[in-house]
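Chain by chain, the residues:
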Amino acid sequence: MNQEEIRSCTKQYVASIFQEEPTGHDFEHMKRVANMAAYIADEEGADPFICEMAGWLHDVTDGKLTDNENQAKENLHTFLHKLPLETEDKNAILAAMKDVSFRGKHIIPYTYEGKIVQDADRLDAIGAIGIARTFAFGGNKEQLLYTEDEQERSQPGTSIQHFYDKLLHLKGYMNTPTAISLAEERHAILEKFLNDFHEEWKKFS
Ligand code: ADP
Ligand code: NI
């Protein structure tokens, strides 16, 4: 089995888990993170195959996306075990997937490949696609788009509030120069969108 066949098995595995995912963590998110991680790895002189594989798999054991985290971890180990990968590569993939998420706490992955996958995941949360994913997530959780009500605003909750709580900070948390540069443009898209949103809101509210 060559890298192309390993990639194809991985896509099938990821599709079987995320094909129908409605909160912006679907197969296409995994694909973008995998491709972006491989691109950043190329630019940064890291291992593109390890980054791509970890990008495909980075969300499969995420507690908020699975009912049974332990089972998901076991399934992942079984899946990786069946692939003809060197133990060293398997461990590098697992290490690069660990600690990718940014949720409240800010953990910097300890491997270079992990830092790259984290950058790719964060880049997919900003820019035009990041905006789309935020409202997909918010809609799925039955959140309001936005409210001017001070009391409601103080509850964690509207999708617009999520931009201020998290998305506008992501640019400052990129690990690699390549991601820092990609984040600039995507961050500017968020800022323009928020400006336009508030302008339109003010006119007829
Ligand atoms: P990760 O990608 O590490 O799993 P999250 O689950 O926090 O991180 O975020 C993934 C996506 O879900 C992002 O696009 C983000 O904007 C969206 N999201 C997460 N929390 C919220 C929220 N409270 N409101 C709207 N969108 C959210
Ligand atoms: Ni993700």
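Residues numbered from 1 in each chain as written. Chains lettered and ligands numbered in written order. Predicted model: local features only at pLDDT ≥ 70, side-chain atom pairs only at ≥ 80, totals over all residues.

Under the annotation held in an unreviewed UniProt entry, the protein chain carries the name HD domain-containing protein and is attributed to Pontibacillus yanchengensis.

Tell me what's going on with the packing of helix α3 (residues 48-57) against helix α5 (residues 87-97), and back it up with residues and numbers.
Between two packed helices, what matters for the description is the angle formed by their axes and the separation of those axes. α5 packs onto α3 with a crossing angle of 55 degrees between their chain directions and a minimal axis gap of 9 Å. Comparing their axes, α5 and α3 come out oblique. The crossing of α3 and α5 is right-handed. The segment α3 lies against α5, with Ile50, Cys51, Met53, Ala54 and Leu57 engaging Asp89, Ala92, Ile93, Ala96 and Met97. Looking at side-chain class alone, the contact of α3 with α5 contains nine nonpolar, no polar and one charged residues. (Axes fitted to C-alpha atoms, helices over the stretch in contact; angles between N-to-C directions. Helix = DSSP H or I, 4+ residues; strand = E, 2+ residues; numbered from the N terminus. Parallel < 35°, antiparallel > 145°, perpendicular 65-115°, else oblique. Left-handed = near helix turned anticlockwise from the far one by under 90°. Contact = placed C-beta atoms within 7 Å. Nonpolar A, V, L, I, M, F, W, Y, C, P; charged D, E, K, R; others polar.)

Run through the environment of Leu170, naming residues and quoting values.
Note on placement: Leu170 falls in the loop between α9 (159-165) and α10 (177-204). Distance in space between the C-alpha atoms of Leu170 and Leu123 is 8.1 Å, their sequence separation being 47 residues. With residues near it in sequence (within four places) discarded, Leu170 still touches Arg122, Ala125, Ile126 and Ala183.

I'd love a proper account of the packing of α5 against helix α6 (residues 112-123), names of residues and values included.
Packing of α5 against α6 leaves a shortest axis separation of 7 Å and a crossing angle of 45 degrees. As summarised for this structure, α5 and α6 are arranged oblique, according to the angle between their axes. In this structure, α5 meets α6 at a crossing whose hand is right-handed. Of the residues in α6, those touching α5 at Ala92, Ala95, Ala96 and Met97 are Glu113, Gly114 and Val117. Among the residues making up the contact of α5 with α6, the classes are represented as five nonpolar, one polar and one charged.

Go over the nonpolar core with me, naming the residues and quoting the values.
The biggest cluster of nonpolar side chains holds 37 residues, and the ones touching the most others in it are Ala37, Cys51, Ala54 and Val117. Counting only elements with at least two residues in this core, the list comes to α2 (27-44), α3, α5, α6, α9 and α10. Top contributing element to this core by residue count: α2, with eight residues. (Core = buried A, V, L, I, M, F, W, Y, C linked by C-beta atoms within 7 Å. Buried ≥ 20, exposed ≤ 12 C-beta atoms within 10 Å, placed from the backbone.)

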